[in-house]
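Fold and contact review
One-letter residues, chain by chain:
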Amino acid sequence: MADPNTPKEKDTVTGVETTGHEWDGLKELNNPAPRWWLWVFFLCCIWAVGYWLVYPAWPTLNGNTQGSKHWTQYKKLADEQSEITARRGVYIEKIKTASLQDIQSDPELYAFAIAGGKTMFKENCAACHGTGAEGRPGYPNLNDDDWLWGGDLDAIYTTIKHGIRSTHAETRDSAMPAFGKDGILKAAEISSVADYVLSLSTHQGGTEEGATLFATNCASCHGNDGKGGRDFGAPNLADAIWLYGGDKASIVRQVNSPRHGVMPTWEARLPDTTIKQLAIYVHSLGGGEAAPAIMPAAAPTQPSAKEPAGR
Amino acid sequence: MPEQPIQLFAKQRTIYPRRVWGKYRKLKWVAMVVLLGIYYLTPWIRWDRGEYMPSQAILIDMPHRRAYFFGIEIWPQEVYYITGILILAAVGLFFVTSLLGRVWCGYACPQTVWTDLFIWVERIVQGDRNARKKLDESPWNFEKIRKKTLTHLIWLLIGLCTGGAWVFYFNDAPTLMDQILHADVPWSVGGWILGLTFSTYVMAGFAREQVCTYMCPYARFQSAMFDKDTLVISYDERRGEPRGKHKAGTGWENRGHCIDCDSCVVVCPMGIDIRNGLQMECIACGLCVDACNNVMDKIGLPHGLIRYDTAEAHDKGIASTFRFFRPRTFWYIGIMSAVGSLMLYSLLTRSPLEITVLHDRNPIFVTLSDGDIRNGYNISLINKDHTDRQYKLEIKGIDTRNIRVQASQDLSPDALNVFADSVGHFRVFLTAPKQAEARKHIEFIVTDTQNNIRESDSSIFVSERE
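Quantities reported herein were computed from a predicted structural model and do not represent experimental measurements. (Residues numbered from 1 in each chain as written. Chains lettered and ligands numbered in written order. Predicted model: local features only at pLDDT ≥ 70, side-chain atom pairs only at ≥ 80, totals over all residues. Heavy atoms only, no water.)

Here the focus is the overall build of chain A. Helix and strand counts for chain A stand at 11 helices and four strands. For chain A, the C-alpha radius of gyration of 36 Å lies well beyond 19 Å, the compact-globule estimate for 311 residues. Counting only C-alpha atoms and orienting by the principal axes, one finds that chain A spans roughly 120 × 50 × 45 Å. In chain A, the share of contacts with a sequence separation of at least 24, taken over all contacts with a separation of at least 6, comes to 54%. (Helix = DSSP H or I, 4+ residues; strand = E, 2+ residues; numbered from the N terminus. Rg over C-alpha atoms; globule rule 2.2 N^0.38 Å. Contact = heavy atoms within 4.5 Å.)

Shown next, in the form of structure tokens:
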């Protein structure tokens, strides 16, 4: 500690007083702070006072000072969000009254529905169906052309709204009997029918016995040709797509003690406009089917994909 | 203990350049008028591009992501032209430096031009060197306050015009002018005007030669481009020394031609004495040459005691040896022509149509019920024409069972419409039997049938997980 009574030491080279602090023989010169630096410092002090007045700043016993503008980040966020909601609202209003087909034929509304549907899909559907709607065993791939309950816009919309085997009163429902577990068929018969089911798509193997067993036990739902039926959501057994696996062991397991997928009803959880957007999005993934009644005869005239220069 | 303490920092010295006449001064005025004229007037040049298109010859349209340069339009993916221009500018600067020294600094650099303008204002309002010096030393009185205020107001006005002109390059000039006059401008415009007003005011009004000496990187490395054949401003020591005051009527025997009148020093905007040799601060503006030549005229001696000359000439004491063609010259010209012709080539062969194909990653492929494989793609067709166009899409490299193009509805791949000057986005689904290769390379070819322009982009068809 420097004694305040002794005169300050002067540096011999520069003639400037030292502060009296010494580190390893180096002494700090007591130069004044640069004037520009001081001015910046003073300006900042003045600025700070103005800042306290304009913005929320000091904590008080009940909250904090509000500032002359009553500006908060929360309010800014809320303003910005309400602006987005308002901008979105224009489209949402249109979607509310438009039919799915109307939305599809209006390029601007369609683009909005796809963008919204894509986001809502990732939020609500991706957990089971995957982020790209690619599905996985037990959960249908929504990109392909195989639909258990129908793949046109209205069918997809109904499935999302009411669900499959859900709690909704109008849910789509069906169940396959547990042929093995409930003793309807013997193990050998199940093996035989599984061979026949495999032969529907591979066109090899399969026995007379299997065919007979299939006709008596399975054809009522899956059809005589095994091509399934959308009334019961019965899968097409003659194609290349398998929900629970397409090898013999998987088929045996499914005949023995079938599993049934459950899709929740979204009616209560999502607004109708969102369900519409989801239906449009899922339909756009590549497997969407045209509505049976209004099949266009020729390629439709061009509504071009336009990106306005002003975007 | 030394009497005089060592100064660790140089204090800023105010420089009062004296007015000077001569050919380099004239050249500086011409350069200033021409350069400022280009800067202020360019945004007002019109260029008709048709309906709905900006009619400004040079425009950088940020919100619409386009830059217009007369007949040339730059889209965001073509910003490499800016790289080209920057390379040309840099090499051009090296080229000029190697030939003529720091002439960019002396005549064309914005810092010099605006500083020169500000000094001119200073002289008009406060008088020449001595009057300004006296005014600064005099106590504050009405006259001083009036002159100083007027100077700063004019400086700020010039700054305002500088910032004001800048924003016209980014907006339609007449429209924006109208908005500015009505004080109805977006924050971005106001911010740029204010920012450039302030920076012009500070840089040309206060920082001045400090910018060249301490802030500018070019000042630090320009000597690397100098050689013995570079023209630099220099004092002819052989002729000038020994210097000394001269009495009229006396002869010039046994003494140099420099009469030590300090004319070259007082006119220098950088505040240096050129007689001390080549200095980092010298911006090669030639004002000292003018000043010295004027003195030589008065005392009846030939011009050129201070002049643009090469180091070679000075070292050997011979007449000017300036050579334009040196190995360096060819190197720089070579680089500039290479970059220039590359840019010109890409500009001339630039297609008004572009296609970009992006293969879906999630899922990378889809197995359909009949066992076929389908891949999805997002394609963008960029129509740079100012008219709506119809394109035809073909796929090469794979036998597809089905090409489906989807926008809001299914479209025929033979007729994809994209509006003028915009980008069309389409989903394309290709369906093909499972391929022998897990990943097959294919090509998307798009044709503008009316103009017979073809462009392509390559992509892949994936049919199994690798």
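Structure's up, so let's keep going.
Core analysis: the biggest nonpolar cluster contains 37 residues, and I233(B), I274(B), C288(B), I306(B) and Y308(B) have the highest contact counts within it. Looking at this core, the element that brings in the most residues is helix α13 (residues 287-298) of chain B, giving six residues. Contact partners of C288(B), with chain neighbours within four places excluded, come to I233(B), C264(B), V267(B), I274(B) and I306(B). I95(A), L100(A), F121(A) and M263(A) belong to the second largest nonpolar core, which has 31 residues in total. (Core = buried A, V, L, I, M, F, W, Y, C linked by side-chain atoms within 4.5 Å. Buried < 20%, exposed > 50% of the residue type's maximum accessible area, 1.4 Å probe, protein only.)

Residue and element names in this part refer to chain B. Pairing is antiparallel in the open sheet, where three strands are placed in the order β1-β2-β3. Edge positions in the sheet fall to β1 (58-61) and β3 (72-74), since each has one partner strand and no second. Shown here is a sheet whose adjacent strand axes are inclined to one another by a mean of 10°, direction ignored. Where strand β2 (residues 66-69) lies against β3, three bridges are found, and the strand directions are antiparallel. Following the sheet pairing, F69 is matched in β3 by I72. (Pairing = 2+ DSSP bridges. Axes fitted to C-alpha atoms, helices over the stretch in contact; angles between N-to-C directions.)

The next subject is the pairing of strand β13 (residues 422-432) of chain B. All names here are of chain B. Of all the 11 residues making up β13, 10 are buried; the element is thus mostly covered by neighbouring parts of the structure. Where strand β8 (residues 373-383) and β13 come together, 11 bridges link them in antiparallel fashion. In the strand pairing of β13, N383 is matched with S422. Pairing of strand β10 (residues 402-406) with β13 involves five bridges; the strand directions are antiparallel. Within β13, the position partnered with Q406 by the bridge is R427.

Here we come to the side chain of R132(B). Note on placement: R132(B) falls in helix α5 (residues 129-137). If sequence neighbours within four positions are ignored, R132(B) has contacts with Y16(B), P17(B), I119(B), E122(B), R123(B), Q126(B) and G127(B).

All right, on to the packing of aromatic side chains then. All names here are of chain B. If you walk through the whole model with that rule in mind, you get 32 aromatic pairs over all chains. Feature note: the residues F94, F95, Y218, F221, F324, F325, F330 and Y332 constitute an aromatic cluster, connected by ring pairs. One cation-aromatic arrangement involves R25 over W29; the distance from NZ or CZ to the ring centre is 3.9 Å. Sitting above the plane of the Y107 ring, K28 keeps its charged end 6.0 Å from the centroid. (Phe/Tyr/Trp six-rings, centres within 6.5 Å; stacked < 30°, edge-to-face > 60°. Lys NZ or Arg CZ within 6 Å of the ring centre and 35° of its normal.)

Another aspect to go through is the pattern of salt bridges. Charged atoms that come close allow side chains of opposite charge to pair. Taken as a whole and assessed by the stated rule, the structure comprises 34 salt bridges over all chains. With a shortest N-O distance of 2.8 Å, E289(A) and R230(A) are connected by a salt bridge. Within this pair, whereas E289(A) is found in the segment after α11 (272-284), its partner R230(A) is found in the loop between α9 (219-222) and α10 (248-256), the two being separated by 59 residues in sequence. When its relative accessible area of 22% is taken as the criterion, E289(A) is described as partly exposed. For R230(A), a relative accessible area of 38% translates into the label partly exposed. Its salt-bridge partner being E122(B), residue R132(B) comes within 3.5 Å of it at the nearest N-O pair. With R132(B) in helix α5 and E122(B) in helix α4 (residues 110-126), this residue pair connects regions lying 10 residues apart in the sequence. For the pair R132(B) and E122(B), one class covers both residues: buried. (Salt bridge = Lys/Arg side-chain N within 4 Å of Asp/Glu carboxyl O.)

Turning our attention to the packing of helix α2 (residues 80-100) of chain B against helix α15 (residues 327-348) of chain B. Residues and elements named next belong to chain B. Running from amino to carboxyl end, α2 crosses α15 at an angle of 160°, the nearest separation of the two axes being 10 Å. Taken together, the axes of α2 and α15 are roughly antiparallel relative to one another. In terms of crossing hand, the pair formed by α2 and α15 is left-handed. From α2, Y80, Y81, G84, I85, I87, L88, V91, G92, F94, F95, S98 and L99 reach across to α15, where they touch R328, T329, Y332, I333, I335, M336, V339, G340, M343, S346 and L347. Split by residue class, the contact of α2 with α15 holds 16 nonpolar, six polar and one charged. (Parallel < 35°, antiparallel > 145°, perpendicular 65-115°, else oblique. Left-handed = near helix turned anticlockwise from the far one by under 90°. Nonpolar A, V, L, I, M, F, W, Y, C, P; charged D, E, K, R; others polar.)

With that out of the way, let us pick up the sheet that holds strand β15 (residues 453-462) of chain B. Residue and element names in this part refer to chain B. Strand order in this open sheet of four strands is β12-β9-β14-β15, and the pairing throughout is antiparallel. At either end of the open sheet lies a strand with only one pairing partner, and these are β12 (416-418) and β15. The mean inter-strand angle of the sheet, taken between neighbouring strand axes irrespective of direction, is 30°.

Note that every value here comes from positions in space, so none of it alone points to a role or purpose.
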